[in-house]
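Fold and contact review
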Amino acid sequence: MYSRSETSRIRKSFWIAFGQYMRPIPSVQGFRVNWQNYKTGVKDIYFRMRAERGYASVSIEVTHKDEELQQLFFEHLMQLRKILEQCTEEVWDWQLHQANEFGQLISKVEKRMDGIDVMNESDWPAIISFLKPRMIALDEFWNLVKPGFEDF
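Let us look at the structure shown here. Predicted model only: the values in this text are computed from it and were never measured. (Residues numbered from 1 in each chain as written. Predicted model: local features only at pLDDT ≥ 70, side-chain atom pairs only at ≥ 80, totals over all residues. Heavy atoms only, no water.)

Turning our eyes to something else, we now look at the packing of helix α1 (residues 4-22) against helix α4 (residues 124-145). Across the interface, α1 lies against α4 with an axial gap of 11 Å and an inter-helix angle of 50°. By the angle between their directions, the pair α1 and α4 is classed as oblique. You can see that α1 and α4 cross each other, and the crossing is right-handed. Mapping the contact onto sequence places Ile10, Ser13, Phe14, Trp15, Ala17, Phe18, Tyr21 and Met22 in α1 and Trp124, Ile127, Ile128, Leu131, Lys132 and Ile136 in α4. (Axes fitted to C-alpha atoms, helices over the stretch in contact; angles between N-to-C directions. Helix = DSSP H or I, 4+ residues; strand = E, 2+ residues; numbered from the N terminus. Parallel < 35°, antiparallel > 145°, perpendicular 65-115°, else oblique. Left-handed = near helix turned anticlockwise from the far one by under 90°. Contact = heavy atoms within 4.5 Å.)

What follows is the structure in C-alpha cells.
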C-alpha cells in the first residue's frame, strides 16, 4: 500500500511527465496548449483525463447544473457523433445523467482503457500512448464543432 503523500507524489510525477511529453505538440490551430488542463472555451463542457489504479480514461463532460440544459448539450454532442468517431477513429461510450465521484449529475462521452495502474511507472508509457492520440483527436473534433456550442 502507498501512503497518501506517496500516492499524491506518484500521480503528480505522472502528470508532469505527461505534460513534458505533450508540450511540443501544438493544437490543431498551431497554438501552444496545456493538454493536462485543456480549455474548451465553453462553460460547463470539459475534456477530462484520468489515470487511476486500474484504468485510464479520456472524456468530454457536460456539467451544467440544469438537467434539461445538460441534456440539450449532450444531445447536440450526439448529433456530432459521426464527426467524433471520424476524428478519433473509434466508438466512445455515451452516458447521460450519471453521478460523478463528487455526487454531481453529469453527462459524458468517454473512452476508457482498463488493466493499467498509474502507480506502476512501467504502465506510464501505455497510459500516455492511450491519452495522447485521443486528446489530439478531441482537439481536432472541438476545432470543428465548437462554434455550434458557443450559441447555447
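As paired strands, strand β3 (residues 93-99) and strand β4 (residues 105-117) are joined by five bridges and run antiparallel to one another. Residue Gln98 lies in a different strand from β4, and its bridge partner there is Ile106. Hairpin connection from β3 to β4: five residues lie between these consecutive antiparallel strands, with Gly103 at a positive phi of about 85°. (Pairing = 2+ DSSP bridges.)

Below, the discussion takes up the nonpolar core. Among the nonpolar cores identified, the biggest contains 40 residues, and Phe14, Ile60, Ile127, Phe141, Trp142 and Phe149 are the most heavily contacted of them. Taken together, the elements giving at least two residues each to this core come down to α1, β1 (45-51), β2 (53-62), α2 (67-79), α3 (81-88), β4 and α4. Of the residues forming this core, the biggest block, ten residues, is contributed by α4. Filtering out sequence-adjacent residues up to four positions away, Ile60 remains in contact with Ile45, Tyr46, Phe47, Leu77, Leu84, Ser107, Lys108, Val109, Leu138 and Phe141. (Core = buried A, V, L, I, M, F, W, Y, C linked by side-chain atoms within 4.5 Å. Buried < 20%, exposed > 50% of the residue type's maximum accessible area, 1.4 Å probe, protein only.)

Another aspect to go through is the packing of aromatic side chains. Taken as a whole, this structure holds ten aromatic pairs when the rule is applied. Plain terms: the ring middles of Tyr38 and Phe47 are 4.9 Å apart, the flat faces sit at 20° to each other, and that makes the pair stacked. Each member of the pair, Tyr38 together with Phe47, is buried. Members of the aromatic cluster, each reached through a chain of ring pairs, are Trp35, Tyr38, Phe47, Phe73, Trp142 and Phe149. Directly above the aromatic system of Tyr46 lies the positively charged group of Arg48, at a separation of 4.4 Å from the ring centroid. Taking NZ or CZ as reference, Arg112 lies 3.7 Å from the ring centre of Tyr55, over its face. (Phe/Tyr/Trp six-rings, centres within 6.5 Å; stacked < 30°, edge-to-face > 60°. Lys NZ or Arg CZ within 6 Å of the ring centre and 35° of its normal.)

This is a description of form; function is not addressed.
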